[in-house]
Amino acid sequence: MLAPVLLEGQTKNMRTIEGTITNKMTNEKLVGVSIVVPGTTRGVTTNIDGRYSIDVQLRDSLLQFSFIGYLTQVIQIKNQTKINVTLGEDTKNLDEVIVVGYGTQKKSDLTGSISTVNIKELSQRNVSSVSQALQGQVAGVDVSSSSGTPGAGVTIRIRGIGTINNSDPLFVVDGMMVNDIDFVNPNDIESMQVLKDASATAIYGSRGANGVIILTTKKGTKGDAVINFSSYYGVQNAWRSSNVMDGPTWAYLRNEALIAKGYAPIVPDPSILPTTNWFKEISNENAAISNVDLSISGGGEKGNYFLSVNKFDQEGIIKKTSYNRLTLRSNSTLDVKPWLKVGENITLIKTTSRMPPPSDEWTGPLLTALVRDPATAVRNADGSFTKSIYNDTFNPAATIEYYDNENITYRTLGNVFADITLLKGLVFKTDYSFEYTYSDARDYIPVYYVFNAQQNAISSLSDYYGKNYILQWTNTLNYEKKFGNHSISVLAGTESFTDNYKASGIAVSGLPKDFDAITIDNASGNNSARVNGSYSQTRQYSFLARLNYSYQDKYLLTSNFRTDGSSKFIRGKRWDYFPSFSLGWKISEEPFLKSFDFINSLKLRAGWGQIGNQGSVGSYDYLTTASSGSDYIWGGVLHPGYSFPGVGNPELRWEKTTTTNFGVDFSVLNSKLSGTIEYYIRNTTGMLLQVPTPGQTGIQNSPYQNAGEMKNSGIELSLEYRNMDHAFTYSFGGNFSTIKNKVVSLGVIQGFISSASFANMAFLERTYSGAPIAQFYGYKTDGLFQNQAEIDAQTAQKNVAPGDIRYVDADKNGELDVVKLGSPLPKFTYSFNVNLSYKGFDLSTTFQGVYGNKLFNGPAIYTKSSTAAWNLSRDMINRWVGEGTQTDARYPRMAANDVNNGYISDRFIEDGSYFRIKTLQLGYSLNKNLTSRMHLSNLRIYLNAQNLLTFTKYTGLDPEIGINGPLEIGVDRGVYPQGRAYSLGLNVTF
């Protein structure tokens, strides 16, 4: 009997298959493509040249080629020993696995409102935190910065402001529930999902009322080690300069104001005065920003690993402000047994920040840089800081010079987990996570003298320490089964959570001038040191469950249930229950739509859920607590005393949010065009309010009660068009969101809640039933008085003259009326992006904006004052100088000591809408044939611009004002503006 003929590369039972994998459109070699024999664990990955070699058995008939973002191919081997494959990009990607609460689901099977963040676009933003990079990425997610200070936090609101208390979302990083995601290195992110409706977030119970952002970090993959290095360096500056007058122009108008009231001018000839640009004096015109990132990842048959180190440094565009972050990460998994997998995710972070002096409407350096007279020099001849020649405004350069602070934070987060396969389809997972944070905030103010109002006679040092220790233990049991046309997945679990916080601080005075000796012990007044501290603990225990059911892979049901018990409430009221359900119908799978070839997928969704918000409740609000410091004298001796500033309420219960959601997901035109349309209604009941108590009770802080109700509703639209069929590829995407907010009830509170006091002049905002939260209120202007006859025709305003502002007396009762002036909430938000690629070149840009919101321009109280006591906006050149010369109430006459024109009115309420080119990036990737000769798999260089252009009618330094407390929205007190940055970057993969 003849022996079989062996082909080249074959042995008796094995043979070797070789080949090269390339991109279908660009013909570039693909690195890291997985090649496996289906049904086995035998496989390899392509090297930096896109080549592979795999040994297969003679009986093996198929090879599977797969790569993230590309269509998987299964090819018959037959008698081939060389198989070259071209992979096309996956434009449909409906079976992408999405991370949801305590598990994963196929994207095509989602029934709740869950959005996926484009990580590629997010990584193109050269910013200090992931939160900042999230801006404009997801419909219904509003991200605003209350300050452009390096490292400053942002405010994230998912589907509006749900309560007048805490509306912050929950963050989950690798299964750990955390309070923020700013510690995460953006280059470490694998995926990010935003859970927006209650049907998706109910699995998180009392912590999911304001939405959930789930972040998963990178893991290693099977194959050779992959080394990624990326770095960028850039400079930043203010995108808008201060729009104030020079010395001579200001003095000319100041003279005019004084002469109008019969006073002598400040200088006979204003043209001789010099000019100091105070904003420039406190600014860093080319503040540096840099980032260096290195990661190593890989894996074998039994496990994988991912290690990274990141160093981020940012100088502020205002002097003596900065932020530095060092991050170390280690992620790994190990298949100990076929039925046991273990792993860990550990992150170490150190941050150092230097913040600007506090911003307020009196002495903040940003404000005083705008309003201090421009004719005074920065320093005297002897080098000391000057007192203003013409007013008592603080010297902003001195304010910054004499303010020294440093905040250092060390943070460790990690979790260890084990997946145990008990039976086929039945997996038990236990996950234990921990977080430890230690922070040290130090403020030092030396002895200095500028003038009587700006001085510090005794040096002082304060040091505050904070420790936060969080433990979380989650145990879940998950069962998945398919039988016939039915598919089910059942999850059940328990979770315990403990949060311990401890803080202490000490303040002393009288320190030596030697900087090295500035310590608490060296203070001359350390015997009278002021010491304070606080401690809190919150504990929670939970049971959770979820059912996913699918029939014929087109009729979908998801149901969640969670019950939480929290130590924030008294016994008997600690437990509550949070259910949800949602339905999905893949209508495109129905026979009656099969004839519509242009429809690739069409799914209808509807969901309802109810969740709690324990974040609005303090750890001990149900208790009446005592405070020290109320010392008293008895028998001629001073005794320590305690007082009860507030009263607890043992009847407190959870705030509850109920959401109804309707959605449509679709993809058409060979999946080139895809999108989502959603409508939601979100009601919060039992909203916690401080209900006023009678003054005779002596209670300073009224107790909280479950008394309020708030409603949000809106429409969200997301669209994306992708064309990857040619060497020139392009994609366009965008999102659009509307949010309608309404305070339904404030319970027993009559009238309104006032908020946002400004300069002790008035409260700027009011919250009341039947209207959106935090509405601006003040006088409404009605042009300018042109002559004495117009003044005589009214009785509401006294002591006015031609050229002064006329205010509306709506009911003609002889008194001015305080009326609603607008809302700080936008009517809609939007963003869109463009991505172009041709051969090695790529261009991407992101646009972002808001429309329809109002802002209070606080600095304009000074810079548009008709007294000209402070520096003025250049717009005041257009002031009234005689009958008929000006009718706009924004530009009244110049008049020293005027009161009428400075009232809080719509003169200082401005349109806050803006359109911003958020990012613009141009990159070039070297050809794979060239990089392979350099033993590299990828090399890309790029130029990046951040906050390149901003179009807005707002006249302040920046229209992105943000939220400063639940009831202070859109109030500019001299905000630290966003910087514009230009950078050059490099990405290398070995």
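Scoring rules and cut-offs
Residues numbered from 1 in each chain as written. Predicted model: local features only at pLDDT ≥ 70, side-chain atom pairs only at ≥ 80, totals over all residues. Heavy atoms only, no water. Helix = DSSP H or I, 4+ residues; strand = E, 2+ residues; numbered from the N terminus. Expected span 1.5 Å × (residues − 1). Buried < 20%, exposed > 50% of the residue type's maximum accessible area, 1.4 Å probe, protein only. Phe/Tyr/Trp six-rings, centres within 6.5 Å; stacked < 30°, edge-to-face > 60°. Lys NZ or Arg CZ within 6 Å of the ring centre and 35° of its normal. Patch = residues over 30% accessible without salt bridge, like charges linked within 9 Å, V, L, I, M, F, W, Y side chains within 5 Å. Areas by Shrake-Rupley, 256 points an atom, 1.4 Å probe, with all protein chains shown as cover. Salt bridge = Lys/Arg side-chain N within 4 Å of Asp/Glu carboxyl O. Pairing = 2+ DSSP bridges. Axes fitted to C-alpha atoms, helices over the stretch in contact; angles between N-to-C directions. 1 Å grid on protein atoms, 1.4 Å probe; cavity = no way out; pocket = protein on both sides within 12 Å on 5 of 7 lines; lining within 4 Å. Points joined across faces, edges and corners; volume = space filled by probe spheres on them. Nonpolar A, V, L, I, M, F, W, Y, C, P; charged D, E, K, R; others polar. Core = buried A, V, L, I, M, F, W, Y, C linked by side-chain atoms within 4.5 Å. pLDDT = per-residue confidence, 0-100. Contact = heavy atoms within 4.5 Å. Polar contact = N/O pair within 3.5 Å; in protein donor to acceptor, adjacent residues only side chain to side chain.

1. Points about helix H4 (residues 247–260)
Now for step 1: With 14 residues, H4 ought to run about 20 Å at 1.5 Å a step, and its terminal C-alpha atoms sit 20 Å apart, in line with that.
Now for step 2: Burial in H4 covers these residues: Gly247, Trp250, Ala251, Leu253, Arg254, Asn255, Ala257 and Leu258.

2. Some details on the packing of aromatic side chains
Now for step 1: Summed over all chains, the structure comprises 35 aromatic pairs.
Now for step 2: Plain terms: the ring middles of Phe758 and Phe856 are 5.0 Å apart, the flat faces sit at 70° to each other, and that makes the pair edge-to-face. Here Phe758 is found in strand E41 (residues 753–758), whereas its partner Phe856 is found in strand E49 (residues 854–857), with 98 residues between them in sequence.
Now for step 3: Each ring, one from Phe841 and one from Tyr924, has its centre 4.6 Å from the other, and the planes form 45°; the classification is tilted. A residue pair is termed long-range when its members are at least 10 positions apart, and Phe841 in strand E48 (residues 841–851) and Tyr924 in strand E51 (residues 914–925) qualify at 83 residues.
Now for step 4: Overall, the relative accessible area of 48% leaves Phe841 in the partly exposed class.
Now for step 5: Members of the aromatic cluster, joined through ring pairs, are Phe736, Phe828, Tyr830, Phe832, Phe847, Tyr851, Phe915 and Phe951.
Now for step 6: In this structure, Arg207 packs its charged tip against the face of Phe497, placed 4.4 Å from the ring centre.
Now for step 7: Looking at Arg766, its charged tip hangs above the ring of Phe752, at a distance of 4.1 Å from the centre.

3. Concerning a nonpolar patch on the surface
Now for step 1: A grouping of Phe841, Leu843, Leu920, Leu922, Tyr924, Ile941, Leu943 and Leu984 is seen on the molecular surface, where their side chains present a nonpolar patch of about 710 Å² in accessible area.
Now for step 2: Sorting the residues of the nonpolar patch by element identifies E48, E51 and strand E52 (938–952) as the ones contributing at least two each.
Now for step 3: A total of three residues in the nonpolar patch trace back to one element, the largest contributor, which is E51.
Now for step 4: One can find Leu920 in strand E51.

4. As for the sheet that holds strand E10 (residues 114–116)
Now for step 1: Taking strand neighbours across the sheet as the criterion, the five strands line up as E10-E15-E16-E13-E14 in an open arrangement whose pairing is mixed. The two strands at the open ends of the sheet, each matched to only one other strand, are E10 and strand E14 (176–178). Across this sheet, the average inter-strand angle for adjacent strands is 25°, counted without regard to direction.
Now for step 2: Here strand E13 (residues 170–173) pairs with E14 via three bridges, running antiparallel. Bridge pairing in E14 links Val173 to Met176.

5. Things to note about empty space enclosed by the protein
Now for step 1: Per the stated rule, a full pass over the model turns up seven cavities of 30 Å³ or more.
Now for step 2: Of the pockets and cavities examined, the largest cavity occupies roughly 450 Å³.
Now for step 3: Lining the largest cavity are 32 residues; nearest its centre among them are Asp142, Ser144, Pro824, Leu825 and Pro826.
Now for step 4: Elements with a minimum of two residues in the lining of the largest cavity: strand E11 (141–145), strand E39 (728–738), strand E47 (828–838) and E48.
Now for step 5: At four residues, E11 tops the list of elements feeding residues into the lining of the largest cavity.
Now for step 6: Partitioned by chemical class, the residues of the lining of the largest cavity number 15 nonpolar, 12 polar and five charged.
Now for step 7: By volume, the second largest cavity amounts to about 280 Å³.

6. Digging into the pairing of E51
Now for step 1: Where E48 lies against E51, 10 bridges are found, and the strand directions are antiparallel. Paired with Asp842 across the bridge in E51 is Gly923.

7. Let's talk about the nonpolar core
Now for step 1: By size, the foremost hydrophobic cluster in this structure holds 35 residues, and its most contacted members are Ile318, Leu764, Phe776, Phe856 and Ile861.
Now for step 2: Those elements that provide at least two residues to this core are helix H5 (278–281), helix H6 (365–371), helix H7 (396–401), strand E24 (448–451), E41 and helix H9 (860–863).
Now for step 3: Per-element tally for this core: the top contributor is H6, with five residues.
Now for step 4: With 27 residues, the next largest nonpolar core counts Ile158, Val173, Ile181 and Val194 among its residues.

8. Observations regarding the confidence of the model for the protein chain
Now for step 1: Per-residue confidence for the protein chain gives a mean pLDDT of 90; residues scoring 70 or more make up 96%.
Now for step 2: Counting interchain partners and residues more than four positions distant, the pLDDT-below-50 stretch residues 1–10 has 10 contacts.

9. Digging into the side chain of Arg562
Now for step 1: Mapping Arg562 onto the fold places it in strand E29 (residues 555–566).
Now for step 2: A polar side-chain atom of Arg562 sits 2.9 Å from a polar atom in the side chain of Glu495.
Now for step 3: There is a polar contact of 2.8 Å between the side chain of Arg562 and the side chain of Asp564.

10. Focus on the environment of Ile181
Now for step 1: Secondary-structure assignment places Ile181 in the loop between E14 and strand E15 (189–195).
Now for step 2: A relative accessible area of 0% places Ile181 in the buried class.
Now for step 3: Once the C-alpha coordinates of Ile181 and Ser131 are considered, the two residues, 50 residues apart in sequence, prove to be 6.7 Å apart.
Now for step 4: If near-sequence neighbours (up to four positions away) are discounted, Ile181 is found in contact with Val130, Ser131, Phe171, Val173, Ile213 and Leu215.

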